[in-house]
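Architecture and fold: a report
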Amino acid sequence: MDIDTEPLTRAAERAAVRAGRLLLEEFAQGTAARSKPGAHEHDVVTAADLAAEDLIAAELTAAAPGSTVIGEERGGGEGGEGGEERGGDGGHAGEVCWYVDPIDGTHNFSRGIPLWCVSIGLTIRGAPAGGCVYEPVRDRLYAARTGGVLRCNGEVVPASPPRPVPMVLTDVPRPGGVPHPAELALLADLMVAADVRRIGSAALALAYVAAGHADMAVTPDAFAWDMAAGRVLVTAGGGAFAALPDPPSTVRPGAFAAWRPGLDELGRVTVRALKGWPNG
Ligand code: IPD
Ligand code: CA
Ligand code: CA
């Protein structure tokens, strides 16, 4: 039976905006971040992440009873506790599955830097079906369904012309430690071709590429919830998206690259570099 993704994506949009407005209040007040137990010291969480994820999960399951919510902070779906895959990418695919990142860009959020967003991706039987990225600080809701058009605050986003120097939003170099040679090589390749900026929010980078604010997004350490929405936005906007591995994991970090039309050669070089990446 075909599932109508229109009401589902609308429910995700409502949940993202509702959570985003709450988060905006927290952002204005300032919220302390703490390192996640057992995780890399650069992996942080705030009380606001948890509250937003709970609100979103409640809204999504009310809108689609029986659906599976895979959230970055609370988990969900089958498995996950013992390092198993959760949700549609690990063979536990529900018909309707949501990948929720309640705050993508928590470091920025906790430091008062306004580059963060709420990201909700929808898959149907494991295939990307829709998604939205809400940027509360600018009150911008980017949304699309697979095979549909990209909208921002309900308006179709027009194609924007290529710029003379492309802009790449990335999270390379990664924070801390000695950079891996593959990381430095990728950065060098990107710097030859583009104006490269480290943004700290993978989902927002994808939304910006989709809407034409930037031309390419590259992140070497991303999970399914970081890219589930953004990949649909980019392809709806006419761009290309590649994940390594695909489908992306909920357990091991993987990489992605996304680029606007006209940047296929840089996209190809970048994907090749990511294939040689330690976790790619
Ligand atoms: C992080 C951001 C960042 C990416 C990290 C993610 P979070 O997500 O997307 O851009 O480089 O790998 O963990 O922790 O802010 O949700
Ligand atoms: Ca994230
Ligand atoms: Ca997050």
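My aim in this report is to walk through the structure given alongside it, one point at a time. All figures in this text were calculated on a predicted structure; none of them were measured in a lab. (Residues numbered from 1 in each chain as written. Chains lettered and ligands numbered in written order. Predicted model: local features only at pLDDT ≥ 70, side-chain atom pairs only at ≥ 80, totals over all residues. Heavy atoms only, no water.)

**Considering the overall build of the protein chain**
Within the protein chain, the secondary structure is distributed over 7 helices and 14 strands. Its C-alpha atoms give the protein chain a radius of gyration of 17 Å, near enough to 19 Å, the size a compact globule of 280 residues would have. Each of the three principal axes of the protein chain carries a C-alpha extent, and together these read 50 × 40 × 40 Å. Taking the contacts inside the protein chain whose residues are at least 6 apart along the sequence as the reference set, 65% of them involve residues at least 24 apart. When the accessible surface of the protein chain is split by element, carbon and sulfur atoms take 54% of a total near 12,200 Å². On the protein chain, the mean spot of the 24 positive side-chain charges and the mean spot of the 35 negative ones are 4 Å from each other. (Helix = DSSP H or I, 4+ residues; strand = E, 2+ residues; numbered from the N terminus. Rg over C-alpha atoms; globule rule 2.2 N^0.38 Å. Contact = heavy atoms within 4.5 Å. Areas by Shrake-Rupley, 256 points an atom, 1.4 Å probe, with all protein chains shown as cover. Lys, Arg positive; Asp, Glu negative; His and termini not counted. Charge placed at Lys NZ, Arg CZ, Asp CG, Glu CD.)

**Some remarks on the side chain of D226**
Following the sequence through the fold, D226 ends up in helix α6 (residues 224-236). For D226, a relative accessible area of 8% corresponds to the buried category. There is a polar contact of 2.8 Å between the side chain of D226 and the backbone nitrogen of F223. Filtering out sequence-adjacent residues up to four positions away, D226 remains in contact with D101, D104, A202, A203, L206 and D221. (Buried < 20%, exposed > 50% of the residue type's maximum accessible area, 1.4 Å probe, protein only. Polar contact = N/O pair within 3.5 Å; in protein donor to acceptor, adjacent residues only side chain to side chain.)

**Considerations on the coordination of the calcium ion (ligand 3)**
All of the protein donors around the calcium ion (ligand 3) are E72 (OE), D101 (OD) and I103 (O); their distances to the metal are 2.2 to 2.3 Å. For the calcium ion (ligand 3), the single-chain donor residues occur in sequence as E-x28-D-x1-I. If you look at the calcium ion (ligand 3) and the calcium ion (ligand 2), they sit 3.7 Å from each other and are both ligated by D101. Placement of the pair is E72 in the loop between β3 (68-71) and β4 (96-104) and D101 in strand β4, with a sequence separation of 29 residues. For D101, a relative accessible area of 0% corresponds to the buried category. (Donors = N, O, S within 2.8 Å, 3.2 Å for Na, K, Ca; no water.)

**Digging into the site of ligand 1**
In the vicinity of ligand 1 lie 13 residues, with D104, G105, T106, D171 and D221 positioned nearest. A distance of 3.3 Å separates an oxygen atom of ligand 1 from a polar side-chain atom of D101. G105 places a polar main-chain atom, nitrogen or oxygen, 2.7 Å from an oxygen atom of ligand 1. Here ligand 1 loses 83% of its free accessible area of 380 Å² to cover by the protein chains. Elements supplying a minimum of two residues to the shell around ligand 1: β4 and β12 (216-222). Broken down by element, the shell around ligand 1 gets its largest block of residues, 3 residues, from β4. Taken together, the residues of the shell around ligand 1 sort by class into 2 nonpolar, 5 polar and 6 charged. (Near = heavy atom within 4 Å. Nonpolar A, V, L, I, M, F, W, Y, C, P; charged D, E, K, R; others polar.)

**Regarding the packing of aromatic side chains**
With the rule as written, the count across this model stands at 5 aromatic pairs. The interplanar angle of 35° and the centroid separation of 5.6 Å between the aromatic rings of F27 and F109 together place this pair among those described as tilted. Taken together, the residues F27 in helix α1 (residues 5-29) and F109 in helix α3 (residues 106-111) connect sequence positions 82 residues apart. When its relative accessible area of 2% is taken as the criterion, F109 is described as buried. (Phe/Tyr/Trp six-rings, centres within 6.5 Å; stacked < 30°, edge-to-face > 60°.)

**Focus on the coordination of the calcium ion (ligand 2)**
Around the calcium ion (ligand 2), the protein contributes the donor atoms D101 (OD), D104 (OD) and D226 (OD), which lie 2.1 to 2.2 Å from the metal centre. Spacing between the donor residues of the calcium ion (ligand 2) along their common chain follows D-x2-D-x121-D.

**Remarks on the sheet that holds strand β9 (residues 155-156)**
Taken together, 7 strands build an open sheet; the order of strands is β3-β4-β5-β6-β7-β8-β9 and the sheet is mixed. Two strands bound the open sheet, and with one partner strand each, they are β3 and β9. Across the face of the sheet, helix α5 (residues 202-211) comes into contact with β4, β5 (117-124), β6 (127-135) and β7 (140-145) while running at roughly 95° to β6. The strands touched by α6 within the sheet are β3, β4, β5, β6 and β7, with β6 carrying the most contacts at an inclination of about 95°. (Pairing = 2+ DSSP bridges. Axes fitted to C-alpha atoms, helices over the stretch in contact; angles between N-to-C directions.)

**Quick notes on the sheet that holds strand β14 (residues 254-259)**
Here we have 5 strands laid out as an open sheet, ordered β11-β10-β12-β14-β13, and mixed in their pairing. Strands with a single pairing partner mark the edges of an open sheet, and in this sheet they are β11 (195-198) and β13 (240-244). With direction set aside, neighbouring strand axes in the sheet form an average angle of 15°. Pairing of strand β10 (residues 167-170) with β12 involves 3 bridges; the strand directions are parallel. Looking at the pairing, T170 lines up with V218 of β12. Helix-sheet contacts for α6 involve β12, β13 and β14, and the interaxial angle to β13 is about 155°.

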